[in-house]
Amino acid sequence: MSDEITHRLSTEGVDPLALAGVNDGNLVALARRLGVRVSLRGDTLTLHGPLSAVERAVPVAQALVDLARMGEGEPLDVADVDRLVSQEGSAPSGPATDGEFRIILPGLRRVIQAKTAGQREYLRAIAQHDIVIGIGPAGTGKTYLAVAAAVDALARKRVRRIVLARPAVEAGENLGFLPGDLHEKVDPYLRPLYDALEDMMPRDRVQKAIDSRTIEIAPLAYMRGRTLSDAFVILDEAQNATGMQMKMFLTRLGVNSRAVITGDKTQIDLANREDSGLLQVERILPGIEGIGFCYLGDGDVVRHRLVRDIIRAYAEDAQG
């Protein structure tokens, strides 16, 4: 057909297997979603099809190439393609190549970078503010990227330790009824933080850092009465911290410390929703210099593609 065109993109320096995916799954998905023919030969990715389809596909394909190039061999998958298509190619390009958006993990030869526009803003906020409040649904990388930023700050000796805290149970940290000693009681609530750390550091290094108290993972209640200096402090699941607990946490911050607070306003488990410290800080802290708010949405979900659809379905149901 006369209106069909061919466009070629350079993939020089990109691992072709990381770009194409298992059994060329990424290229197949790209072709199916955007109505073009896609082929990868040598250092060239070729798009062929109707003019309008190719024009739409070029920025998405370029974003995929950029993501593969920054990942330094870490494979992409069909979920990455879906996300880029839904964002019309708004992938990490240009400024995303600087240190704010690209975290090289020590000892693992892995790179973590923002995969969505919202995640780029989140990492930028963490780089530019002493306190960042990240609010958004499950699967948007709030905790994962915060832990990555903390590991990076520790590796660069910008802080001397990492402190990770969570409300231990949903309603007031009443641990007495649970079986086992204190460690056994709180461990299930803190396990996601261990999992994030172990994804970014060799397990033996994580354990060594915990033993030396370079990394501390503890229930929020353990922060009372302390001053946290030279530390990168993360409060996770902050929607389940009460207003008093949130104030206590924020006033622990000492010299040369920074804090990231993450939470999901749709998952408040407190008996009275308005008791949530996350809702309180959202109301009273905006406008204070040095404190940044970052909002992530369902378009920033980086888990299974169905997670985004599930979040939207629940939101629509809640609106009636």
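Up top is the structure these notes are about.
Residues numbered from 1 in each chain as written. Predicted model: local features only at pLDDT ≥ 70, side-chain atom pairs only at ≥ 80, totals over all residues. Heavy atoms only, no water.

(A) Main features of the overall build of the protein. The secondary structure content of the protein amounts to eleven helices and eleven strands. Going through the 320 residues of the protein one by one, you find that 48% of them count as buried. As presented, the protein carries roughly 15600 Å² of accessible surface, and 50% of it is formed by carbon and sulfur atoms. (Helix = DSSP H or I, 4+ residues; strand = E, 2+ residues; numbered from the N terminus. Buried < 20%, exposed > 50% of the residue type's maximum accessible area, 1.4 Å probe, protein only. Areas by Shrake-Rupley, 256 points an atom, 1.4 Å probe, with all protein chains shown as cover.)

(B) Molecular detail of the environment of Val 147. Turning to its location among the elements, Val 147 is positioned in helix H6 (residues 142-155). On the basis of relative accessible area, Val 147 is assigned to the buried category, the value being 1%. The spacing of Val 147 and Ile 234 is 87 residues in sequence and 7.6 Å in space, taken between C-alpha atoms. Beyond its immediate chain neighbours, meaning those up to four positions away, Val 147 contacts Leu 164, Ala 196, Leu 197, Met 200 and Ile 234. (Contact = heavy atoms within 4.5 Å.)

(C) Main features of the sheet that holds strand S6 (residues 131-135). Pairing in this open sheet of six strands is parallel, and the strands run S8-S7-S9-S10-S6-S11 from one edge to the other. In this open sheet, the two strands that pair with only one neighbour each are strand S8 (215-219) and strand S11 (291-295). Neighbour-to-neighbour, the strand axes of this sheet turn through a mean angle of 15 degrees, independent of strand direction. Looking at chain direction, S6 and strand S10 (residues 258-263) are connected through five bridges and run parallel. Across the sheet, residue Gly 134 finds its bridge partner in S10, namely Thr 262. (Pairing = 2+ DSSP bridges. Axes fitted to C-alpha atoms, helices over the stretch in contact; angles between N-to-C directions.)

(D) A look at H6. Helix length check: H6 (14 residues) gives 20 Å between terminal C-alpha atoms against 20 Å at 1.5 Å per residue, within 8%. Within H6, twelve of the 14 residues are buried, leaving the element largely enclosed by the surrounding structure. Looking only at H6, the buried set comprises Lys 142, Thr 143, Leu 145, Ala 146, Val 147, Ala 148, Ala 149, Ala 150, Val 151, Asp 152, Ala 153 and Leu 154. Directly beyond the C-terminal end of H6, a positive phi value near 60 degrees is found at Lys 157. (Expected span 1.5 Å × (residues − 1).)

(E) Molecular detail of a nonpolar patch on the surface. On the surface, Leu 306, Ile 310 and Tyr 314 cluster together to form a nonpolar patch covering roughly 330 Å² of accessible area. By the secondary structure assignment, Leu 306 is in helix H11 (residues 305-318). Overall, Leu 306 belongs to the partly exposed group, its relative accessible area being 40%. (Patch = residues over 30% accessible without salt bridge, like charges linked within 9 Å, V, L, I, M, F, W, Y side chains within 5 Å. Salt bridge = Lys/Arg side-chain N within 4 Å of Asp/Glu carboxyl O.)

(F) Looking closely at the packing of helix H5 (residues 117-128) against H6. Packing of H5 against H6 leaves a shortest axis separation of 11 Å and a crossing angle of 40 degrees. As the angle between them shows, H5 and H6 are arranged oblique. Crossing geometry of H5 relative to H6 is assigned as right-handed. Seen from H5, the contacting residues are Gln 119, Tyr 122, Leu 123 and Ile 126; seen from H6, they are Lys 142, Leu 145, Ala 146 and Ala 149. (Parallel < 35°, antiparallel > 145°, perpendicular 65-115°, else oblique. Left-handed = near helix turned anticlockwise from the far one by under 90°.)

(G) Spatial organisation of the side chain of Asn 26. With respect to the helices and strands, the residue Asn 26 is situated in helix H2 (residues 25-34). Take Asn 26: its relative accessible area is 1%, and that puts it in the buried class. Among the polar contacts made by the side chain of Asn 26, one reaches the main-chain amide nitrogen of Val 78 at a distance of 3.3 Å. Those residues in contact with Asn 26 that sit more than four places away from it in its chain are Ala 18, Leu 19, Ala 20, Gly 21, Leu 76, Asp 77, Val 78 and Val 81. (Polar contact = N/O pair within 3.5 Å; in protein donor to acceptor, adjacent residues only side chain to side chain.)

(H) Region of interest: the environment of Ala 18. Within the fold, Ala 18 resides in helix H1 (residues 16-20). Classification of Ala 18 by relative accessible area gives buried; the value is 2%. In sequence terms Ala 18 and Asp 77 are 59 residues apart; their C-alpha atoms lie 8.5 Å from each other.

(I) Focus on the sheet that holds strand S1 (residues 4-10). Taken together, the three strands give an open sheet; going across it, the order is S1-S3-S2, and neighbouring strands pair in antiparallel fashion. With partners counted over all chains shown, the strands left at the sheet margins are S1 and strand S2 (37-41), one partner each. When strand polarity is set aside, the average angle formed by the axes of neighbouring strands in this sheet is 20 degrees. With seven bridges connecting them, S1 and strand S3 (residues 44-50) associate as antiparallel partners. Looking at S3, one finds that His 7 is bridged to Leu 47. Across the face of the sheet, H2 comes into contact with S2 and S3 while running at roughly 150 degrees to S2.

(J) Up close: the environment of Val 163. Structurally, Val 163 is set in strand S7 (residues 161-166). Sequence separation between Val 163 and Leu 228 is 65 residues; the distance between their C-alpha atoms is 8.5 Å. Setting aside chain neighbours within four positions, we find Val 163 in contact with Glu 216, Met 223, Leu 228, Ala 231, Phe 232, Val 233 and Ile 234.

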